[in-house]
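This is what each chain is made of:
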Amino acid sequence: MRILMVGDVVGRPGRKAIKENVPDLVRSQQIDLTVVNGENAAGGKGITREIAREILAAGADIITMGNHVWQQKEALTLLAREERIVRPANYPPGVPGHGLQVLKTRSGVPVAVLNLAGRVFMEALDCPFRKADELLAALAPEVRVILLDFHAEASSEKIAMGWYLDGRVSAVCGTHTHVQTADEHILPGGTAYITDVGMTGPVDSIIGVEKEAVLEKFLTGIPRRFEVATGPYQLNAVILDIDENTGRARSIQRVQNFE
């Protein structure tokens with residue numbers, strides 16, 4: 001089984017990258033399931049119903065989120081109704097939406113997609129490690145392919161999660177920093193790991209934002225309104241090759257496509 005996981009989609013340039021790249025990647029790489037992180041898809045913060053439909057129509061099978069999940073007003077109702085969007089599972093009980101979804105590939109193989117948020121340099125949420133234990137324990141035995149989008153800031157926390165879940169999930173793929181790391185590998189227990197999948201958005205930017213505003217903030221300390229940059233895009237992703245019978249990863253390959 002081959003899985004495509006796409007890093008944080010940022011604004012209009014990121015959505016354009018999805019439309020122009022995902023269908024071709026699915027065909028050329030014989031992808032069975034596509035996971036897209038869409039937490040920055042609406043103007044750099046959050047997602048709307050219309051944008052979710054746009055990403056799903058472009059070839060995503062499921063959309064994962066992160067710390068900006070609630071930035072758009074309609075998120076509360078959208079996440080309560082749309083099963084193809086998962087938000088970090090370690091929000092407190094009673095929050096709309098869900099953090100894990102089991103869906104089937106085109107060949108009928110069940111795949112669990114789990115979304116968790118880190119706590120180091122992030123909002124104070126429930127423990128992602130214990131929440132992972134809880135959700136994995138509740139999965140049916142026939143669900144062997146399990147993917148985690150771990151939306152976290154600290155590399156140490158992401159690496160810790162990789163080792164913690166090694167042999168229990170098929171892949172731990174970090175998101176959030178918008179910078180693709182070059183540490184993709186297979187852990188001893190058969191779990192594919194990468195600290196950050198990267199960003200799908202404007203190349204000429206500072207992690208997706210207009211350079212001038214960010215530079216002025218650094219130079220003066222005065223708060224500035226950040227806007228998504230324009231111009232050519234990049235698409236950052238990984239392709240996972242997973243044994244559907246055992247759930248163990250065979251390989252993980254980084255993807256970098258530029259407009």
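Residues numbered from 1 in each chain as written. Predicted model: local features only at pLDDT ≥ 70, side-chain atom pairs only at ≥ 80, totals over all residues. Heavy atoms only, no water.

(A) Inspection of the pairing of strand E1 (residues 2–6) at higher detail. With four of five residues buried, E1 is to be regarded as a mostly interior element. Bridge count for E1 against strand E13 (residues 233–242) is five bridges, and the pairing is antiparallel. Note on E13: the bridge partner recorded for Met 5 is Val 238. Inspection of the sheet shows E1 paired to strand E3 (residues 33–37) by four bridges, in the parallel sense. Looking at E3, one finds that Met 5 is bridged to Val 35. (Buried < 20%, exposed > 50% of the residue type's maximum accessible area, 1.4 Å probe, protein only. Helix = DSSP H or I, 4+ residues; strand = E, 2+ residues; numbered from the N terminus. Pairing = 2+ DSSP bridges.)

(B) Representation of the side chain of Lys 131 in the model. You can see Lys 131 is positioned in helix H4 (residues 128–138). For Lys 131, a relative accessible area of 16% translates into the label buried. Apart from residues no more than four positions distant in its own chain, Lys 131 is found in contact with Ala 89, Asn 90 and Leu 116. (Contact = heavy atoms within 4.5 Å.)

(C) A look at the packing of aromatic side chains. Here the structure, examined in full by the defined rule, presents two aromatic pairs. Between Trp 70 and Tyr 91, the aromatic rings sit 5.7 Å apart at their centres with planes inclined by 75 degrees, giving edge-to-face as the arrangement. With a gap of 21 residues between them, Trp 70 in the loop between strand E4 (62–64) and helix H3 (75–81) and Tyr 91 in the loop between strand E5 (85–86) and strand E6 (100–104) connect regions that are remote in the sequence. On the basis of relative accessibility, which here comes to 28%, the residue Trp 70 falls in the partly exposed class. Judged by its relative accessible area of 9%, Tyr 91 falls in the buried class. With a centroid separation of 5.4 Å and an interplanar angle of 80 degrees, the aromatic rings of Phe 129 and Tyr 164 are classed as edge-to-face. (Phe/Tyr/Trp six-rings, centres within 6.5 Å; stacked < 30°, edge-to-face > 60°.)

(D) Highlighting H4. Listed as buried for H4 are Pro 128, Phe 129, Lys 131, Ala 132, Leu 135 and Leu 136. The arc enclosing the buried residues of H4, seen along the axis, measures out at 160 degrees, which places them on a common side. For H4, exposure combined with an orientation more than 90 degrees from the buried face picks out Arg 130, Ala 137 and Ala 138. Those residues of H4 that are buried lie in contact with E6, strand E7 (110–117), strand E8 (145–151) and helix H5 (155–165). (Arc of directions from axis to C-beta.)

(E) Just the sheet that holds E8, in detail. Read across the sheet, six strands follow the order E6-E7-E8-E9-E11-E10 without closing on themselves; strand pairing throughout is mixed. Because the sheet does not close on itself, it has two edges, and the strands there are E6 and strand E10 (185–186). For E6 and E7, the ladder comprises five bridges, and the chain directions are antiparallel. Each residue of the ladder has a partner; that of Leu 100, found in E7, is Leu 114. Packing of H4 onto the sheet brings it into contact with E6, E7 and E8, and relative to E7 it is tilted by some 160 degrees. (Axes fitted to C-alpha atoms, helices over the stretch in contact; angles between N-to-C directions.)

(F) Just the packing of H4 against H5, in detail. Relative orientation of the contacting elements H4 and H5 amounts to 30 degrees, with a least axis distance of 11 Å. On the basis of the axis angle, H4 is roughly parallel to H5. Handedness of the crossing formed by H4 with H5: right-handed. Contact residues: H4 offers Pro 128, Phe 129, Ala 132, Asp 133 and Leu 136, while H5 offers Glu 157, Ala 160, Met 161, Tyr 164 and Leu 165. Residues that form the contact of H4 with H5 fall into these classes: eight nonpolar, no polar and two charged. (Parallel < 35°, antiparallel > 145°, perpendicular 65-115°, else oblique. Left-handed = near helix turned anticlockwise from the far one by under 90°. Nonpolar A, V, L, I, M, F, W, Y, C, P; charged D, E, K, R; others polar.)

(G) Just the nonpolar core, in detail. Core analysis: the biggest nonpolar cluster contains 34 residues, and Leu 4, Val 6, Ile 18, Ile 47, Ile 55, Ile 63 and Leu 235 have the highest contact counts within it. Listing elements by their share of this core, those giving two or more residues are E1, helix H1 (11–28), helix H2 (49–57), H3 and E13. When residues of this core are assigned to their parent elements, the largest contribution, five residues, is made by H1. Here Ile 18 is in contact with Val 6, Val 9, Pro 23, Val 36, Ile 55, Ala 58, Thr 200 and Leu 235, once residues within four sequence places are set aside. In this structure, Met 1, Leu 33, Val 35 and Val 197 belong to the second largest nonpolar core, which totals 23 residues. (Core = buried A, V, L, I, M, F, W, Y, C linked by side-chain atoms within 4.5 Å.)

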